[in-house]
Every structure is written in structure tokens, then in C-alpha cells.
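Residue-level structure breakdown
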Amino acid sequence: MKVLVAVKRVIDYNVKARVKADNTDVDLANVKMALNPFCEIAIEEAVRMKESGIADEVVVVSIGTKQCEEQIRTALALGADRGIRVDADAQMDPLSIAKLLAKVTEKEQPGLVVLGKQAIDSDNNQTGQMLAALMGWPQGTFASEVNVDAGKVNVTREVDGGLQTVALNLPAVVTTDLRLNEPRYASLPNIMKAKRKPLETLSTDDLGVAVTSALTLLKVETPPERQAGIRVSSVDELIDKLKNDAKVL
Amino acid sequence: MRLLVIAEHDNNELKPVTLTTLAAAQQIGGEVDLLVAGFNCQIVADAAAVVPAVDKVILADAPVYEHQLAENITQLVLALPGDYSHILAPSTTNGKNLLPRVAALLDVNQLSDTMTVESADTFKRPIYAGNAIATVQSSDAVKVITVRGTAFDAVSAEGGSASIETFSEACDAGLSQFVGEALAESDRPELTAASMVVSGGRGMGNGENFDLLYALADKLGAAVGASRAAVDAGFVPNDMQVGQTGKMVAPELYLAVGISGAIQHLAGMKDSKVIVAINKDEEAPIFQVADYGLVADLFDVVPEMSGKL
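Residues numbered from 1 in each chain as written. Chains lettered and ligands numbered in written order. Predicted model: local features only at pLDDT ≥ 70, side-chain atom pairs only at ≥ 80, totals over all residues. Heavy atoms only, no water.

Moving on, we come to the overall build of chain A. Tallying secondary structure elements over chain A gives six helices and 13 strands in all. Reported as C-alpha extents along the three principal axes, the dimensions of chain A are approximately 65 × 45 × 40 Å. Every one of the 249 residues in chain A was classed for burial, and the buried ones make up 55%. Within chain A, contacts between residues separated by at least 24 positions form 70% of all contacts whose residues are at least 6 apart in sequence. Averaging the positions of the 31 positive and the 35 negative side-chain charges in chain A gives two centres separated by 2 Å. (Helix = DSSP H or I, 4+ residues; strand = E, 2+ residues; numbered from the N terminus. Buried < 20%, exposed > 50% of the residue type's maximum accessible area, 1.4 Å probe, protein only. Contact = heavy atoms within 4.5 Å. Lys, Arg positive; Asp, Glu negative; His and termini not counted. Charge placed at Lys NZ, Arg CZ, Asp CG, Glu CD.)

This is the structure:
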């Protein structure tokens, strides 16, 4: 079975995003970028499937400018076999991304597509579900356990209040949650090897998708800052403040 | 305009987050249909019918809807006869699972985790873990929206008398089956609906030490949450996670214990009314957002607090 993993280049999760002075967007100039953390988990899961003999090939795809090849190379260093970059603007809405991924999926014919549940920049949590919809495939979102067996995949999902397990017909789409696995670090030899792995570039025209969007970003603002309050020196003082000043107890 | 709101329920009880989603629908304006899809869930439809913000309840009661499988519920939503201008669901794991699938098949985008209704086509939503707020305008024919429960005040739950219409078609996509579930049994209030939340972080050291927080929470009648670090370390299950990638909470009182205050955690709780931080590291970033900070060893002060309340 072939596994396709879609990944995204995002702001490093340790960096605090700052809004541009003209309120048009977040300022990403000279900001450290990285592979989206949930996408790392997706790659790890696919690579483990290959190591256990369930998958025979792991293909990684990313949509964006030339710069996102950096993240594709990271995925290759983590164990993916080859990469595809769909050349496009860095900023696209999830529906456009899902349409492009659907075309790549039709072309590659994987048995399973694995994505992160959300990207930590736009925080949309949509692309996997949309891709599954466009393909007419089932979806196992927010996965904490994935088991492929006899033409089906069992996905244990992190839901409000606990866990839910569903059985999905293959092919299917899975999106990863935090506890699915702990991604490995790329070793230096693997980073070197990744440089020689194949990386194909496709255009949106190649895929026959006209990228338009019905969404307009009107403004981006910094939320009101919360002011630091006071330090208390004892539990008694804390309880007193909560009772008499804040009146929440 | 006619709006469709997807009810959050467990076939037994209409969840309060439905009422905050209805508040967002009311701000948009128009007639509101509330979809109750489930199995043996007449009791939920009955509860929904007395919510004054609801004009009509659509009850789809069939075994294929029992576990809210996105594949089946999507087909159901698309099969409904209403010509909807907006489709809304709470930003719960159900809503997040379902609505993007609906949106994609309607060939429209979805607005996730909407926190403010500016007009019928313009909304505010948080991006970058809430470090920026985007104002987004949609020209899509149908606006598909998930609603952040903590950003709206719940509409009244009683006093109305909406009609209940039954939609009897059982839509089975035939793609997925429910296998089982393991839901946490707890007498404590639900995290996103609680008026007080006690949360623990990596500083708790291990899962057993969370017993200290459970004891304190039970004194307060509070829910118990955790930071991503505590979940990652395996102390507690993920459904307790508060933060960008977990649950959003905005209680009256949020007590952060042994939590350093990473950006992604703050994203999930900084709208709380009063924040208290207990941490032995006085440089911890959590103190920058806390109304009351206590620099102390949590293993001393948490039991002391439980004893004094």
C-alpha cells in the first residue's frame, strides 16, 4: 500500500506570531519556519507503517513556494521515499488546498492519506476532512491510534469526553492528534540521503485546478493584552483576594 | 435568510454548547432550524423545541446517526430540503469533524472557531494560537461556520415552542462503522462548560499527583484540565488538554498549577475572567497573564488550599 502524507510549512511553534503594523496580516519576514508539528506526527506514522511492512512507499506532498521544499526534505530525512511540491502561493484557503491534494491523490492512488489535524498558523482544522469529502472517502480525524487490517483501517479518535474507535473502508484519510506517536529526529546520514531523494514539482495548471477564493482577509489585529496582576505571598492571601476582591469564590 | 444549526448532544441530553452556537446564529439573524441527528434522541428534540431561539427542530432519528459518523451526517445535511444561507455547528470535536466535509461538498470554505459575528458575511476568528485575530469576509453562497462556544453568551434554554419535523431518510454512506468508545466517567463538570477550572502542567510530575488537583477541584466544584506538556508526558488523557490544539475554556476562575504558560496553552484559557497561577518558577510566563500569582511549591500549597476551602 502506498501512503501519501501532506505537510505544511508554518511558523516555528516556539515563535510568537506578530501582527504587521498595517494590520494586513501576520509578519512572517525573517521568522523561523518549520514543519507543522502535527505533520511531523503524520510522517512518523507513515514511516512506521513502512517499517512494519504495511506500507511499501511513503510519498510526501506540500503546496507552496520553493521555500517549502525545505520541509519536504525534512520529511524525506525522516523516512519518506519521495516528494511532490505543488507550486503555489503560500497563502491559500483550505478548500483550494484540498482540491489540489485531491488531484495529487487521484494521480498517486494511495491506500491511505495521512495529514496533521490542524496547522498551527491558520488553526483551521479542515483540510483532511475536505480532502476525504472530495474523494468520497471516509475520514478518521484526530487519530491517537491507527491500525490497518484486511482492507480496513481502525482509527481511535480523540473526541470530547474520551476516545471513539471507527472502522473505515480503504482508501481513507486520517488526520493525526498529539498522542498518535512521538516523531523521531532525523539523523545526519539521513539528512544527507534526503538530498538525493526525488522531488517533483507540479503546477496548479498541471493539476487542472483554478485557484480562487471566496474569502477575503479584511484585517488582522493583535488581541487585547491581558495585564499581569499581583503576586500574593500565601494561600491565605490568595483565598482572601479570590473571595473579597475578585469575588469568584 | 434561513440558518441551520447542528445540535451537539449524546442522544440523551442537549449540550449547552448548542445554546452558544444558537447565540451566534441569532446575531447573524434569520429563521433558525436546529438539526438533531442521532438515534433514540426524541428527548433531545423535545429539549431543543423549547429553546426560544429555535424556529424549527429537524429530528433525524436512525441507527446510522447514533455515533455522529461524519460520512453519514454529511449526507444527511446535504439531503435536507432547506435552502440555507448559513450552516453552523459548535467548535467541538463533532463540529470540527463534520462541517469541513459538508463545506467541501457544497464547494465552499469553512470559517473555523468563529468568535465574533460582524455581519452576515463577516466574522472574526483567532489565528496563530490566538496571537492574532483575523476579520474574514466570505462571498460563498453558503457560509459554513464552526462557533467557539466560550465567545458567545448562551441563549435561554426554555420558554419557546418550536415545531419538531421528522426527517426520516436514513443516509448511510457505507464508508465507516462505529467500533467502540471509551468515555471518561466523571462527576465533575464538563471542561468547556465549567465555571471554574483547575489545570495541571508538567510541574505535576506524574499522573498520580493529579489527585491533588482532583481533591481541590471537588472542593470548588471545578473541572480539571491539563496543559499539552502534561498530556504529552502521559500524565493525563488528551481530552483534558486546554490549549490551541485542545479545548478552549473561559471560566470565571482558572487555576493554573505547575503550568509554565506556553503560547499554545495561553491560547486556550486567556479569556478566563480570573486567572490564578501557582508555580515555583517566578520567571514562568504564566505569571504575565495571571491576575493572582503565587510563587510556591504546588505540593505544599495545593493541599493547603484544599484544606482551607
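Read on, since the account is not over.
Turning next to helix 4 (residues 93–105) of chain B. Residue and element names in this part refer to chain B. Buried residues dominate helix 4, accounting for ten of its 13 residues. When helix 4 is considered as a whole, its buried residues turn out to be Thr93, Gly95, Asn97, Leu98, Leu99, Pro100, Arg101, Val102, Ala103 and Ala104. Where helix 4 terminates, the next one or two residues include aspartate 107, which has phi positive at roughly 60°.

The next thing to look at is the sheet that holds strand 15 (residues 274–279) of chain B. Pairing within the open sheet is parallel, and its six strands lie in the order 13(A)-16(B)-15(B)-14(B)-12(B)-13(B). Of all the strands in the sheet, the pair left with one neighbour each is strand 13 (230–232) of chain A together with strand 13 (223–226) of chain B. When strand polarity is set aside, the average angle formed by the axes of neighbouring strands in this sheet is 20°. Examined bridge by bridge, strand 14 (residues 253–257) of chain B and strand 15 of chain B share five bridges and lie parallel to one another. (Pairing = 2+ DSSP bridges. Axes fitted to C-alpha atoms, helices over the stretch in contact; angles between N-to-C directions.)

Before going further, it helps to spend a moment on the interface of chain B and chain A. Of the residues lining the interface, 87 residues belong to chain B; the matching set on chain A comes to 82 residues. Counting the surface chain B buries against chain A, the share from its top three residues, Asn109, Tyr128 and Tyr292 of chain B, is 11%. Inspection of the chain B/chain A interface yields four salt bridges. A salt bridge links arginine 226 of chain A to aspartate 291 of chain B, with the nearest nitrogen and oxygen atoms 2.7 Å apart. Taken together, chain B and chain A are joined by 48 residue pairs in polar contact (both at pLDDT 80 or more). Residue classes in the side of chain B that touches chain A are distributed as 42 nonpolar, 25 polar and 20 charged. Looking at chain direction, strand 13 of chain A and strand 16 (residues 292–295) of chain B are connected through three bridges and run parallel. What sits directly across from arginine 231 of chain A, in strand 16 of chain B, is glycine 293 of chain B. (Buried area = accessible area lost by both parts, 1.4 Å probe. Salt bridge = Lys/Arg side-chain N within 4 Å of Asp/Glu carboxyl O. Polar contact = N/O pair within 3.5 Å; in protein donor to acceptor, adjacent residues only side chain to side chain. Nonpolar A, V, L, I, M, F, W, Y, C, P; charged D, E, K, R; others polar.)

Turning our eyes to something else, we now look at the side chain of aspartate 123 of chain A. On the secondary structure map, aspartate 123 of chain A appears in the loop between strand 6 (112–116) and helix 4 (127–135). No salt bridge is formed by the buried aspartate 123 of chain A, whose closest oppositely charged neighbour, arginine 125 of chain B, lies at an N-O distance of 6.1 Å. Polar side-chain contacts of aspartate 123 of chain A include one of 2.7 Å to the side chain of glutamine 244 of chain B. Among all residues touching aspartate 123 of chain A, those that are not within four sequence positions of it are Gln118 of chain A together with Ser112, Arg125, Pro126, Ile127, Tyr128, Ala129, Gly130 and Gln244 of chain B.

Position of phenylalanine 287 of chain B among the secondary structure elements: in the loop between strand 15 and strand 16. Placed 27 residues apart in sequence, phenylalanine 287 of chain B and serine 260 of chain B show a C-alpha to C-alpha distance of 8.5 Å. Discounting residues that sit within four places of it in the chain, phenylalanine 287 of chain B has contacts with Ala228 and Arg231 of chain A together with Ala277, Asn279, Asp281, Glu282, Gly293, Leu294 and Val295 of chain B.

On to the pairing of strand 16 of chain B, then. As defined by bridge partners, strand 15 of chain B adjoins strand 16 of chain B across four bridges and the pair is classed as parallel. Note on strand 16 of chain B: the bridge partner recorded for alanine 277 of chain B is glycine 293 of chain B.

Here the focus is helix 3 (residues 70–79) of chain B. When you tally the buried positions in helix 3 of chain B, you get seven out of ten residues, the bulk of the element. Those residues of helix 3 of chain B that fall on the buried side of the exposure criterion are Ala70, Glu71, Asn72, Ile73, Thr74, Leu76 and Val77 of chain B.

Those residues carrying the UniProt feature "domain: Electron transfer flavoprotein alpha/beta-subunit N-terminal" (unreviewed entry) are residues 23–211 of chain A in this numbering. Secondary structure within residues 23–211 of chain A divides into 29% helix and 31% strand; the distance between the first and last C-alpha atoms comes to 25 Å. (UniProt positions renumbered as here; feature names shortened; annotations may be inferred.)

In this model, chain B carries an average pLDDT of 96, and 100% of its residues clear a pLDDT of 70 or more. The ipTM assigned to the predicted complex is 0.95, against a pTM of 0.93. (pLDDT = per-residue confidence, 0-100.)

A word on the pattern of salt bridges. Considering all chains together, one arrives at 35 salt bridges over all chains under this definition. Arginine 82 of chain A serves as the salt-bridge partner of glutamate 108 of chain A, at 2.6 Å between the closest nitrogen and oxygen. Within this pair, whereas glutamate 108 of chain A is found in helix 3 (residues 94–108), its partner arginine 82 of chain A is found in strand 5 (residues 82–87), the two being separated by 26 residues in sequence. You can call glutamate 108 of chain A buried: its relative accessible area is 8%. For arginine 82 of chain A, a relative accessible area of 18% gives the class buried. Because the salt bridges share partners, they merge into one network encompassing Arg2, Glu31, Asp33, Lys56 and Glu165 of chain B.

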